[in-house]
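Examination of the molecular architecture
Now for the letters of each chain:
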Amino acid sequence: MPTTRSTSPTRTPTTPTPAPHPALDTVLLAVAVAGVSLSAPLAAATAAPALAVAFWRNAMAVGVLTPLALWRHRGELRRMGRRAVALSAASGALLALHFGTWLPSLHMTSVASSTALVTTTPIWTALLLRLRGHRPSPAATLGTVLAFLGVVILTGVDLSASPQALAGDALALVGGVAAAGYVLLGAEVRQVASTTAYTYVCYSTASLFLLLTCLVAGARLDGYSGDTWLKLVLLMVTAQLLGHTLINRVVKGLGPSVTSTAILLETPGAALIAAVWLGQQPPVAAYPALAVILAGLVLVILGDRKQPPGDPQDTA
């Protein structure tokens, strides 16, 4: 399966990363999708400002990663080089933009519109890869469109004409574009850095940007109940560490196209979790939509496997 590699001649040697294992990466990606699927239900059930939720899930993850990063990966962090650090920081800024736009949008527009627009990530990923010389196969292109169609079937796109709802729709769309850049930069850095080193710099940068945003916006960062703090910790463990961190782990081997398309499974996953946890029965369209998304993902994977070794995708 092709990967995304940097063509820069200025790579700085770091701790060697293990060779990709497609079967293991596929299992880890499934765990990651299950983790991020908890994001929307947990965020909706957490009695804290949306920007504060975004900040704490990243800041808590940094706190968990700090002992490991400074103990086992201290040398690697020192040897990452300016380019790798800069790309990791840029990825963190995009992650902050993703959370800082999408989570507030849930309170401004309908959940259906917000979900449909933020999950346009695979489309923006494909467009950005094309700008970098990647030529996706017809099967991969069809699979991306089919998978997104499955999300539309599940959520619908009930765009409202109210100014607030339109602003929320715009924020969700920005969140989808930001997520695409975040995935692509993560794939780039992961060629030369371990998951821990990359995510430590990325999450630290995201936390800093989100903290500044919270301070400017006046979002309350403390004074929550014990139940709220518990949900924030659960959100950090599931959606951030098991979700985003494993996504950053597998993107090296599976590539940004497959990884970003698989994230579309978050929508039906969240619906099923809400059914079990919150007692909200998923809509009738949930099951056929899931089948359509899975069919699209299979096409993307098969399309990537059929790419010739010399295809520009390898240097995207």
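Everything numeric here is computed off the predicted structure, so don't read it as measured data.

So, how was this worked out
Residue indices follow the written sequence of each chain, beginning from 1 at its first position. Where totals are concerned, whole chains, interfaces and linings use all residues; where local detail is concerned, this predicted model gives features only for residues with pLDDT of at least 70, and gives and counts side-chain atom pairs only at 80 or more. With hydrogens and water stripped out, all remaining heavy atoms of the structure feed into the side-chain values. Axis definition: a line fitted to C-alpha atoms, over the contacting stretch in the case of helices. Angles run 0 to 180 degrees between N-to-C directions. Secondary structure elements are taken from DSSP: a helix is a run of H or I of four residues or more, a strand is a run of E of two residues or more, and numbering for both begins at the N terminus. If an angle is under 35 degrees, it is roughly parallel; if it is over 145, roughly antiparallel; if it lies from 65 to 115, roughly perpendicular; otherwise it is oblique. Here is the rule for handedness: rotate from the far helix to the near one, and if that takes an anticlockwise turn smaller than a right angle the crossing is left-handed, while a clockwise turn gives right-handed. In what follows, a contact means two residues having at least one pair of non-hydrogen atoms within 4.5 Å. Among the buried residues, those of types Ala, Val, Leu, Ile, Met, Phe, Trp, Tyr and Cys that are joined through side-chain atoms within 4.5 Å form a nonpolar core. Three exposure classes are used, based on accessible area relative to the maximum for each residue type with a 1.4 Å probe and protein chains only: buried under 20%, partly exposed in between, and exposed over 50%. pLDDT: the predictor's confidence for each residue, scored from 0 to 100. Pairing of aromatic side chains here covers Phe, Tyr and the six-membered ring of Trp, requires ring centres within 6.5 Å, and sorts the geometry by plane angle: under 30 degrees stacked, over 60 edge-to-face, intermediate tilted. Take a side-chain nitrogen of Lys or Arg and a carboxyl oxygen of Asp or Glu: if they are within 4 Å of each other, that pair is a salt bridge. What makes a patch is a set of residues exposed beyond 30% relative accessible area and free of salt bridges, joined within 9 Å when like-charged and within 5 Å when nonpolar (Val, Leu, Ile, Met, Phe, Trp, Tyr). Computed with the Shrake-Rupley method and a 1.4 Å probe, the accessible areas treat only the protein chains shown as cover for residues.

1. What about the packing of helix α3 (residues 50-72) against helix α11 (residues 226-262)?
One way to put it is that α3 packs onto α11 with a least axis distance of 9 Å and a crossing angle of 70 degrees. By the angle between their axes, α3 is roughly perpendicular relative to α11. The two elements α3 and α11 cross, and the hand of that crossing is right-handed. Across the interface between the two elements, Val 53, Trp 56, Arg 57, Asn 58, Met 60, Ala 61, Val 64 and Leu 65 of α3 pack against Trp 229, Leu 232, Val 233, Leu 235, Met 236, Ala 239, Gln 240, Leu 241 and His 244 of α11.

2. Let's talk about the nonpolar core
One finds Leu 77, Met 80, Leu 95, Leu 103, Tyr 182 and Tyr 203 to be the most contacted residues of the largest nonpolar core, which totals 50 residues. Setting aside chain neighbours within four positions, we find Tyr 203 in contact with Asn 58, Ala 61, Val 62, Leu 65, Leu 95, Tyr 182, Gln 240, His 244, Thr 245 and Asn 248. Grouped together as the second largest cluster of nonpolar side chains are 17 residues, Leu 28, Ile 247, Val 258 and Ile 293 included.

3. Quick word on the confidence of the model for the chain
Within the chain, residue pLDDT values average 80, and 79% of them lie at 70 or more. Helix α10 (residues 195-217) holds the highest mean pLDDT among the elements of the chain, 96, whereas helix α6 (residues 111-118) holds the lowest, 68. Here residues 1-17 is a poorly scored stretch, pLDDT under 50, and it has 53 contacts once near neighbours within four places are set aside; other chains count. Confidence over residues 308-316 falls short of pLDDT 50; this stretch has 25 contacts with residues more than four positions distant or in other chains.

4. Comments concerning the packing of aromatic side chains
Here the structure, examined in full by the defined rule, presents three aromatic pairs. Taken together, a centroid distance of 5.2 Å and an interplanar angle of 75 degrees make the contact between Trp 56 and Trp 229 edge-to-face. One end of the pair, Trp 56, is in helix α3; the other, Trp 229, is in helix α11, with 173 residues separating them in the sequence. Aromatic side chains Tyr 224 and Trp 229 sit 5.1 Å apart centroid to centroid with 50 degrees between the ring planes, which places their arrangement in the tilted category. With relative accessibility at 9%, the residue Tyr 224 sits in the buried group. Given a relative accessible area of 28%, Trp 229 falls into the partly exposed group. By way of ring pairs, the aromatic residues Phe 55, Trp 56, Tyr 224 and Trp 229 are connected into one cluster.

5. Considerations on the environment of Trp 229
Along the sequence, Trp 229 and Trp 56 sit 173 residues apart, while their C-alpha atoms lie 9.5 Å from each other. Every residue in contact with Trp 229, bar those within four places of it in the chain, is listed here: Trp 56, Met 60, Leu 221, Asp 222 and Tyr 224.

6. Digging into the pattern of salt bridges
Throughout the structure, instances matching the rule amount to three salt bridges. When the shortest N-O distance is used, the salt bridge between Arg 83 and Glu 188 registers 3.1 Å. Taken together, the residues Arg 83 in helix α5 (residues 81-105) and Glu 188 in helix α9 (residues 163-189) connect sequence positions 105 residues apart. Residue Arg 83 is classed as partly exposed on the basis of its relative accessible area of 35%. Residue class for Glu 188 comes out buried when judged on its relative accessible area of 5%. Here Lys 231 ties to Asp 227 by a salt bridge, and the two come within 3.1 Å at their closest N and O atoms. Taken together, the positions of Lys 231 and Asp 227, both in helix α11 and four residues apart, correspond to about one turn of that helix. Note on Lys 231: relative accessible area 18%, which makes it buried. For Asp 227, a relative accessible area of 43% puts it in the partly exposed group.

7. Quick look at a nonpolar patch on the surface
There is a patch of nonpolar side chains on the surface, built from Val 27, Val 31, Val 233, Val 237 and Leu 242 and spanning about 350 Å² of accessible area. Mapped by element, the contributors of at least two residues to the nonpolar patch are α1 (22-37) and α11. Per-element accounting of the nonpolar patch gives the leading share, three residues, to α11. Position of Val 237 relative to the elements: it lies in helix α11. You can call Val 237 partly exposed: its relative accessible area is 33%.

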